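Here are the chains, one letter per residue:
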Amino acid sequence: MIAGKTVVLGVTGGIAAYKAADLVSRLKKMDLKVFVVMTQSATEFITPLTLETLSGNRVVVDTFDRSFPWEVEHIALAKRADGFAIAPATANVLGKMAHGIADDMLTTTVMATKAPLVLAPAMNTGMYENPVVQENIRLLRGRGAQIVEPAVGLLACGDTGKGKMADPAEIAEAIERALTPQDLAGKRVLVTAGPTREAMDPVRFLSNHSTGKMGYALARQAWLRGAQTTLVSGPTALTPPQGVELVPVTSALDMRQAVLDRLDTTDWFIKAAAVGDYRPAHQADQKLKKQDGDLQVQLTRNPDILAELGGKKRPGQLLCGFSMETQDLLDNSRKKLQSKHCDLMVANNLKTAGAGFAHDTNVATLLYPDGRTEPLSLMEKRALADCVLDRLLDLSRG
């Protein structure tokens, strides 16, 4: 969605300016055009040459520099920008922007742009907590700026507290969201992801090979496209997407309760989790000791969360299920679609190369209640997530 778009990155005079090199590199890897504007103070921390080399474009510092073909530079950059970011954003530049002061190349350029704005504050904890700075941030946020909150950590001054610039990966993701069409704004989307763990005793559990990658991709793409997103996740090793409400759960019963608690506040349910069908009928209080002979564990059926949602969803709510089969994929998935009253079923075969657990790609077939079948080719899970969201958006429009 964002390949080829233009980002103007402002870099101001804080020690975190050196991280701008990492940020520019990340933006270029996202196939974005990057133009950098630096304050004079920022050049004391990192050279323009470094950012020129990484961005592939001349870095602008001096408003009155005439060593290049003539144009009204700050207006040209302001018009060119699809997105505008400042990282780090010092207390000084935040104050100028909040009160309409434009006295250097960066502040005049940002004053002239109509592009969405992403700000990553970075400063000493005392400065960040100063009521004046907080009021300036509040004003800028109220005018539509997206604020990437600073982290808590050891600062260059030796203090420990909030004020450390957010990780460049987090800032890059915020910029990606600013560049992404917000076609899901106003939608409340709940995604389930990962495996469940069904305890046998305090040490052992029954589970499956799900890594949660598909569900996390769905939650991330929904957030990028403007949805208010909740991620109900079983245990995974993945980092939750920023901006997404994470609800960690362990068992199928935990996941069922978390989903039903949000039944009345959700527009779309996307059930990508690999929920355990069975759990031990009895959970031992102490570790089961190894003995001579075999161990028999009695299993009892877990609730079918997807079917329960299908029976309780109200008009206007959409339900998307995921089906993973090793045989008779389409027949079995179509039966699930119908019996569980889903609006969309995503079927993928565990035996298909590039599909299933742990992969970054997937091969899926979309099934609809009217009998339509839409086979999809091998694609990254992020691309499949967007495809699923597109189809749900189409269904919501009738």
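The rules we used
- Residues numbered from 1 in each chain as written.
- Predicted model: local features only at pLDDT ≥ 70, side-chain atom pairs only at ≥ 80, totals over all residues.
- Heavy atoms only, no water.
- Axes fitted to C-alpha atoms, helices over the stretch in contact; angles between N-to-C directions.
- Helix = DSSP H or I, 4+ residues; strand = E, 2+ residues; numbered from the N terminus.
- Parallel < 35°, antiparallel > 145°, perpendicular 65-115°, else oblique.
- Left-handed = near helix turned anticlockwise from the far one by under 90°.
- Contact = heavy atoms within 4.5 Å.
- Expected span 1.5 Å × (residues − 1).
- Buried < 20%, exposed > 50% of the residue type's maximum accessible area, 1.4 Å probe, protein only.
- 1 Å grid on protein atoms, 1.4 Å probe; cavity = no way out; pocket = protein on both sides within 12 Å on 5 of 7 lines; lining within 4 Å.
- Points joined across faces, edges and corners; volume = space filled by probe spheres on them.
- Nonpolar A, V, L, I, M, F, W, Y, C, P; charged D, E, K, R; others polar.
- Core = buried A, V, L, I, M, F, W, Y, C linked by side-chain atoms within 4.5 Å.
- Patch = residues over 30% accessible without salt bridge, like charges linked within 9 Å, V, L, I, M, F, W, Y side chains within 5 Å.
- Areas by Shrake-Rupley, 256 points an atom, 1.4 Å probe, with all protein chains shown as cover.
- Salt bridge = Lys/Arg side-chain N within 4 Å of Asp/Glu carboxyl O.
- Pairing = 2+ DSSP bridges.
- Right-handed = clockwise from strand over helix to strand, strands pointing away.
- Phe/Tyr/Trp six-rings, centres within 6.5 Å; stacked < 30°, edge-to-face > 60°.
- Lys NZ or Arg CZ within 6 Å of the ring centre and 35° of its normal.

S.K.: Quick rundown of the packing of helix H1 (residues 20–29) against helix H2 (residues 48–55)? Include the residues and the values.
M.R.: At a closest axis distance of 9 Å, the pairing of H1 and H2 adopts a crossing angle of 15°. Classified by the angle between their axes, H1 and H2 sit roughly parallel to one another. The chirality of how H1 crosses H2 is right-handed. Along its contact with H1, which presents Ala20, Ala21, Val24 and Lys28, the element H2 presents Thr50, Leu51, Leu54 and Ser55.

S.K.: Outline helix H13 (residues 381–396), supporting the account with residue identities and numerical values.
M.R.: Between its terminal C-alpha atoms H13 stretches 22 Å, which fits the 22 Å expected from 16 residues at 1.5 Å a residue. Of all the residues in H13, the buried ones are Lys381, Leu384, Ala385, Asp386, Cys387, Val388, Leu389, Leu392 and Leu393. The positive-phi residue at the C-terminal boundary of H13 is Gly398, with phi of around 80°.

S.K.: Can you explain the layout of surface pockets? Please cite residues and give values.
M.R.: Here the largest pocket defines a volume of roughly 880 Å³. Counting only elements with at least two residues in the lining of the largest pocket, the list comes to helix H9 (213–224), strand E15 (299–301), helix H11 (305–312) and strand E16 (318–325). Top element by residues in the lining of the largest pocket is E16. It accounts for four residues. Tallied by class, residues from the lining of the largest pocket come to 15 nonpolar, 14 polar and 10 charged. A volume near 500 Å³ is recorded for the second largest pocket. Surrounding the second largest pocket, 17 residues form its lining, Glu173, Tyr216, Arg220, Thr239 and Pro241 being those nearest its centre. Elements with a contribution of two residues or more to the lining of the second largest pocket: helix H8 (168–179), H9 and H13.

S.K.: Could you give an account of the nonpolar core, naming the residues involved and the relevant values?
M.R.: Leu218, Ile270 and Val388 are the most contacted members of the largest nonpolar core, which totals 35 residues. Breaking this core down by element, the ones donating at least two residues are strand E8 (188–193), H9, strand E13 (268–271), E16, strand E17 (344–349) and H13. Per element, the largest residue contribution to this core is eight residues, and it comes from H9. In this view, Leu218 contacts Val191, Ile270, Ala272, Phe322, Ala385, Val388 and Leu389; residues no more than four positions away in its chain are not counted.

S.K.: Before we move on, can you summarise a nonpolar patch on the surface with the specific residues and values?
M.R.: Taken together, the side chains of Leu206, Tyr278, Leu295, Val297 and Leu299 make up a nonpolar region of the molecular surface, amounting to roughly 450 Å² of accessible area. One can find Leu206 in strand E10 (residues 205–206). Owing to a relative accessible area of 31%, Leu206 belongs among the partly exposed residues under this scheme.

S.K.: Account for the sheet that holds strand E5 (residues 146–147), with residues named and values stated.
M.R.: Remark on secondary structure: sheet strands pair via backbone hydrogen bonds, oriented parallel or antiparallel. An order of E2-E1-E3-E4-E5 is seen for the five strands of this open sheet, with the pairing classed as parallel. Strand pairing shows two members of the sheet lacking a second neighbour, strand E2 (33–38) and E5, which therefore form its edges. For strand E1 (residues 6–11) and strand E3 (residues 83–89), the ladder comprises four bridges, and the chain directions are parallel. Each bridged residue has a counterpart across the sheet, and for Val8 the counterpart in E3 is Phe84. Of the strands in this sheet, E1, E2, E3 and strand E4 (117–121) are in contact with helix H5 (residues 105–112), which crosses E3 at around 145°.

S.K.: Before we move on, could you go through the sheet that holds E8 and cite the residues and values that matter?
M.R.: Strands sit in the order E12-E11-E8-E13-E16-E17-E19-E20 across an open sheet of eight strands; the sheet is mixed. For this open sheet the edge positions go to strand E12 (245–248) and strand E20 (373–375), each flanked by a neighbour on one side alone. Neighbour-to-neighbour, the strand axes of this sheet turn through a mean angle of 15°, independent of strand direction. Across three bridges, strand E19 (residues 365–367) lies against E20 in antiparallel orientation. The residue of E20 that forms the bridge with Thr365 is Pro375. Sheet strands touched by helix H10 (residues 252–260): E8, strand E11 (228–233), E12 and E13. Its angle to E8, the strand with the most contacts, is close to 180°. Relative to the sheet, H13 contacts E13, E16, E17, E19 and E20, its axis offset from that of E13 by approximately 145°.

S.K.: Which residues make up the pairing of E17, and what are the values?
M.R.: By the criterion of burial, E17 is predominantly enclosed, with six of the six residues buried. Side-chain alternation along E17 places Leu344, Val346 and Asn348 on one buried face and Met345, Ala347 and Asn349 on a second face that is also buried. One ladder, built from six bridges, connects E16 with E17; its direction is parallel. The residue of E17 that forms the bridge with Met324 is Asn348. Once you follow E16 into helix H12 (residues 329–339) and on to E17, the crossover reads as right-handed. In terms of strand pairing, E17 meets E19 through three bridges, oriented antiparallel.

S.K.: Would you mind going over the environment of Lys289 in detail, with residue names and values included?
M.R.: Mapped onto the fold, Lys289 is located in the loop between strand E14 (278–280) and E15. Sequence separation between Lys289 and Leu206 is 83 residues, and the spatial gap between their C-alpha atoms is 17 Å.

S.K.: Go over the packing of aromatic side chains with me, naming the residues and quoting the values.
M.R.: Across all of its chains, the model carries zero aromatic pairs by this definition. Just above the ring of Tyr278 sits the side chain of Arg301; from NZ or CZ to the centre is 6.0 Å. The cationic tip of Arg372 hangs over the ring face of Tyr368; the distance from NZ or CZ to the ring centre is 3.9 Å.

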